[in-house]
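Breakdown of the fold
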Amino acid sequence: MNVLLWHVHGSWTTSFVHGKHRYLVPATPDRGPYGLGRARTYTWPDSAAEVSPEQLRGADVDVVILQRPEEVDLATEWLGRRPGRDVPAIYVEHNTPKDGNVPHSRHPMADRDDLLIAHVTAFNELFWDTGSTRTTVVDHGIVPPAAAYTGELDRLAVVINEPVRRWRVTGTDLLPRFAEIAPLDVFGLKVAGLAEQLGLPADRLISHDDVPQHRMHAELARRRAYLHLCRWTSLGLSLIEAMAIGMPVVALATTEAVTAVPPGAGALSTRVDTLLEAAGRFVAEPEWARRVGVEARAAARERYGLDRFLADWDRLLEEEVCG
């Protein structure tokens, strides 16, 4: 199939475009949010091709993958066809509701009979009110990281995008408490200057801004354990990737992390003191950290394998396009 989708979430899109289809990814001269084109810091196959808005007008498109409400009008303008009416459409919901009205949050695609909403977690499906719109869940899948855990550095790793803007959502405010246990390495977008923002000495938190994925994985693998302190995000793919590398994880028991981190794969709790104690033990006992990491790796690769993810999407695309 010819699948039109925008490059919005790097890790998810990387997995998605590893399928057997041809993926048309809009690219504009400014490489802005609606024309980012192919990834620069992730490895994508050649089957993901950049297309301009002008090329889309006459393009053969079998299905549109929507990920933001405004893409409905954008696709109509660029294709000259209405998603859901003139061409099949699936809306992928990546996020937990953030409108301040939880648990009564109405989804922007609620009460529509012309598309399907595919949630990336069961938690999202539970918390969004989609009315009469059909929904399904396709759990995440990841490209297996090439890096292998060594845990040689008695440091803790974190991956957060925009930790200052998102603050309590991503648990940024909790980082100083863990920096007392061990130095932190924070990877992600717009993480530069985070130590200063938190009032931490430069040697207790080092920022690594927008590192290519393969290099980030290699660096994560050298750290003793992975911190996932998000209060209200869907399910960070970096958490699954860290587990797949073989890292033990220390995670808040919130949203989908509750099912993503099984017993034995790390510490999972809503009590921060419990997580601090676990982080301290991982730092102090490398062999225990390694044993827990083995469990984490097995769990992540079994549930979030790329083959299962792509097979689920193939079935969904065939159902929506072929009927």
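Residues numbered from 1 in each chain as written. Predicted model: local features only at pLDDT ≥ 70, side-chain atom pairs only at ≥ 80, totals over all residues. Heavy atoms only, no water.

Thoughts on the pairing of strand S6 (residues 116-119)
Where burial is concerned, the two faces of S6 agree: the one with Leu 116 and Ala 118 and the one with Ile 117 and His 119 are both buried. In terms of strand pairing, strand S5 (residues 89-93) meets S6 through four bridges, oriented parallel. Counterpart to Ile 90 in the pairing with S6 is Leu 116. Two elements, S6 and strand S7 (residues 134-137), share four bridges in a ladder whose sense is parallel. Counted as the bridge partner of Ile 117 is Thr 135 from S7. For the handedness criterion, the β-α-β arrangement of S6, helix H4 (residues 122-127) and S7 is classed as right-handed. (Buried < 20%, exposed > 50% of the residue type's maximum accessible area, 1.4 Å probe, protein only. Helix = DSSP H or I, 4+ residues; strand = E, 2+ residues; numbered from the N terminus. Pairing = 2+ DSSP bridges. Right-handed = clockwise from strand over helix to strand, strands pointing away.)

Overview of the sheet that holds strand S12 (residues 249-252)
One open sheet accounts for six strands, arranged S10-S9-S8-S11-S12-S13; its pairing is parallel. Strands at the two margins of the open sheet, each flanked by one partner only, are strand S10 (205-209) and strand S13 (266-269). Sheet twist, expressed as the average angle between the axes of neighbouring strands with direction ignored, equals 20°. Direction of pairing for strand S9 (residues 184-188) relative to S10: parallel, over a ladder of five bridges. Within S10, the position partnered with Phe 187 by the bridge is His 208. (Axes fitted to C-alpha atoms, helices over the stretch in contact; angles between N-to-C directions.)

Concerning unusual backbone geometry
The linkage connecting Val 102 with the following residue, Pro 103, adopts the cis geometry, with an omega of 10°. Unlike most non-glycine residues, Arg 31 shows phi in positive territory, near 50°. Mapped onto the secondary structure, Arg 31 falls in the loop between strand S2 (22-26) and strand S3 (48-51). Look at Arg 31 and you get partly exposed, because its relative accessible area is 30%. Non-glycine residue Asp 210 carries a positive phi angle of around 50°. Note that Asp 210 resides in the loop between S10 and helix H8 (213-220). The exposure class of Asp 210 is partly exposed, given its relative accessible area of 39%.

Section: the packing of aromatic side chains
How two aromatic rings sit relative to each other is set out by the distance from centre to centre and by the angle between their planes. Applying the stated criterion across every chain, the model contains ten aromatic pairs. Ring centres of Trp 6 and Trp 78 lie 5.9 Å apart, and the angle between their planes is 35°; this geometry places the pair in the tilted category. Placement of the pair is Trp 6 in the loop between strand S1 (2-5) and helix H1 (10-16) and Trp 78 in helix H3 (residues 71-79), with a sequence separation of 72 residues. A residue is classified by how much of its surface remains accessible, and Trp 78, at 12% relative accessible area, is buried. Ring geometry for Trp 12 and Phe 16: centres 4.9 Å apart, planes at 15°, overall stacked. (Phe/Tyr/Trp six-rings, centres within 6.5 Å; stacked < 30°, edge-to-face > 60°.)

Some thoughts on the side chain of His 107
Structurally, the position occupied by His 107 is in the loop between S5 and S6. A polar side-chain atom of His 107 sits 2.6 Å from a polar atom in the side chain of Glu 93. Setting aside residues up to four positions removed in sequence, His 107 forms contacts with Tyr 91, Glu 93, Ile 117, Trp 128, Asp 129 and Thr 130. (Polar contact = N/O pair within 3.5 Å; in protein donor to acceptor, adjacent residues only side chain to side chain. Contact = heavy atoms within 4.5 Å.)

Observations concerning the sheet that holds S3
Pairing in this open sheet of seven strands is parallel, and the strands run S3-S2-S1-S4-S5-S6-S7 from one edge to the other. The strands lining the two open edges of the sheet, one partner per strand, are S3 and S7. Each strand axis lies, on average, 25° off the axis of its neighbour in the sheet, ignoring direction. Relative to the sheet, H3 contacts S1, S2 and strand S4 (63-66), its axis offset from that of S4 by approximately 145°.

Section: helix H12 (residues 286-303)
The end-to-end C-alpha distance of H12, which contains 18 residues, comes to 26 Å, matching closely the 26 Å that a straight helix rising 1.5 Å per residue would cover. Regarding H12, the residues found buried are Trp 288, Ala 289, Val 292, Gly 293, Ala 296, Ala 299 and Ala 300. Buried residues in H12, looked at end-on, bunch into an arc of 130°, giving them a common side. Relative to its buried face, H12 has exposed residues pointing more than 90 degrees away, namely Glu 287, Arg 291, Val 294 and Glu 302. Check the buried side of H12 and you find it contacts strand S11 (223-228), helix H9 (237-245), S13 and helix H11 (272-284). (Expected span 1.5 Å × (residues − 1). Arc of directions from axis to C-beta.)

Read these as geometric descriptors, not functional statements.
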